[in-house]
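Notes for the structure review
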Amino acid sequence: MKTIAQFVEDRITTLSDLKDALQTAMQLEFSTIPPYLCAQWSINSDPGGVGGMIEDIVVQEMYHFALAGNMLTAIGGVPSIANATFIPSYPTNVLPGGILQKLPVDLKPLTPDQVQVFMQIEYPEFPPVALTARTGPATIGDFYDAIAEGFTTVNPAINASAFAVNSGEATPIKSIDNAQAAILLIKGEGEGTEGSPNQPPTGNATFAHYYVFKEIYTEKTLVQDAAGHWSFTGAPIPFPTWFDFQQSTVTPSPSLAFNQALSQLLIGLQTCWTSGTRPSIGAMFTLQSLGTDLIQQGIRPEFLWAPPSA
């Protein structure tokens, strides 16, 4: 599988590459969810509503993951998620697609340091891997631009009846125009947003994830003055207290039931694109309950592949 930098440098000119790029996009979007969930689940006292802010981001990441899957099935591909290789091993300094991270991405409580890691992931036009053939580094925004261009170049046949997730922002892809709109949505809400770290792009209905995490970090809302300038000087957002947790060395792993619930969730998500089943809300709540229980016992939930039959 090519890296994001290679997709950007080589461009996407074949149906096979377009499918591979969308599979990479699914893995990239999913890779942010375990660290965000562990941080959210670790919250104890939360007078500023930070838990809800992170939950909204997680939900959007799930929609982005689903949209990439919907685009993939619409062009005849099949998402591959119900397997051990789909989940990154944490901590990691390389996110899917070869995206280098200076600060390691790990499963940790919600601390100011961990919010800085999240801001790094979501940094506007974050540069992953430098390209020798370009004047500047590729970015996640460049990657999604390459996918958008690939839809135009390849002009794939769209199966309007392909199995798809249809929930919230995640809608079926019935045309190339639908695919282009989905890419714009993903870019505007997440890592591909265009803008500076202190100046969000105009025209977005909500702040992209970077700006939400920076509100949490600065403990201030992002506001615009009469002259149109933005600053993190608005209403206070008290930073929550958190439950600390550590990786367990106990055998058998206390995360086994959690691992099995995660695997069952991935298996269920796979069937959304292979047989048209709906995402299981119950499976998501089970995972949340088990993860929260582990954290409150001081144990780090391990996002590992372990099917119930294992």
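In short, a report on the structure.

Reading the values: the criteria
- Residues numbered from 1 in each chain as written.
- Predicted model: local features only at pLDDT ≥ 70, side-chain atom pairs only at ≥ 80, totals over all residues.
- Heavy atoms only, no water.
- Helix = DSSP H or I, 4+ residues; strand = E, 2+ residues; numbered from the N terminus.
- Rg over C-alpha atoms; globule rule 2.2 N^0.38 Å.
- Buried < 20%, exposed > 50% of the residue type's maximum accessible area, 1.4 Å probe, protein only.
- Contact = heavy atoms within 4.5 Å.
- Areas by Shrake-Rupley, 256 points an atom, 1.4 Å probe, with all protein chains shown as cover.
- Lys, Arg positive; Asp, Glu negative; His and termini not counted.
- Charge placed at Lys NZ, Arg CZ, Asp CG, Glu CD.
- Pairing = 2+ DSSP bridges.
- Expected span 1.5 Å × (residues − 1).
- Core = buried A, V, L, I, M, F, W, Y, C linked by side-chain atoms within 4.5 Å.
- Salt bridge = Lys/Arg side-chain N within 4 Å of Asp/Glu carboxyl O.

Remarks on the overall build of the chain
Assigned secondary structure in the chain consists of 10 helices and four strands. In the chain, the succession of helices and strands from N to C terminus is α-α-α-α-β-β-α-α-α-α-β-β-α-α. Rg of the C-alpha trace for the chain: 19 Å, near the compact-globule value of 19 Å for 310 residues, within the 12% margin. Principal-axis analysis of the C-alpha atoms places the extent of the chain at approximately 60 × 50 × 35 Å. For the chain, with 310 residues in total, the buried portion stands at 50%. Intrachain contacts of the chain at a sequence separation of at least 6 include 69% that bridge at least 24 residues. Accessible surface for the chain amounts to roughly 13,100 Å². Of this, 55% is attributable to carbon and sulfur atoms. Each charge sign in the chain was given a centre, from 12 positive and 27 negative side chains, and these centres are 4 Å apart.

Examining the pairing of strand β2 (residues 99–105)
Here strand β1 (residues 92–95) pairs with β2 via three bridges, running antiparallel. Note on β2: the bridge partner recorded for L95 is I99. The antiparallel pairing of β1 with β2 creates a hairpin that spans three residues between the two strands, and G97 there sits at a positive phi of about 90°.

What about the environment of I43?
Here I43 is to be found in the loop between α3 (33–41) and α4 (50–74). For I43, a relative accessible area of 12% corresponds to the buried category. Sequence-wise, I43 and D244 are 201 residues apart; in three dimensions their C-alpha atoms are separated by 9.3 Å. Those residues in contact with I43, other than ones at most four positions away along the chain, are V50, G51, L110, P240, T241, W242 and F243.

Re the side chain of H64
For H64, the location among the structural elements is in helix α4. Sequence-distant contacts of H64, defined by excluding residues within four places in its chain, comprise E29, E169, L185, I186, E189, G190 and H209.

Things to note about α4
Spanning 25 residues, α4 covers 36 Å between terminal C-alpha atoms, matching the ideal 36 Å at 1.5 Å per step. Across the 25 residues of α4, 20 count as buried, placing the element largely inside the fold. G76 occupies a position one or two residues after α4 and carries a positive phi of about 95°.

Section: the nonpolar core
Within the largest apolar cluster, 86 residues are counted, with the highest numbers of intra-cluster contacts made by F65, M71, L110, I147, F151, F213 and F303. At 13 residues, α4 tops the list of elements feeding residues into this core. In this view, M71 contacts L22, F151, I173, A179, A182, I183 and I186; residues no more than four positions away in its chain are not counted.

With respect to the pattern of salt bridges
Scanning the entire structure with this criterion turns up six salt bridges. A salt bridge links R300 to D106; the nearest nitrogen and oxygen atoms lie 2.7 Å apart. Of this pair, R300 sits in the segment after α10 (281–296) while D106 sits in the loop between β2 and α5 (112–121), placing them 194 residues apart in sequence. As far as burial versus exposure is concerned, R300 and D106 are alike and both buried. Salt-bridge contacts for R300 lead to E302; the nearest nitrogen and oxygen are separated by 2.9 Å. You can call R300 buried: its relative accessible area is 6%. The exposure class assigned to E302 is buried, which follows from its relative accessible area of 11%.

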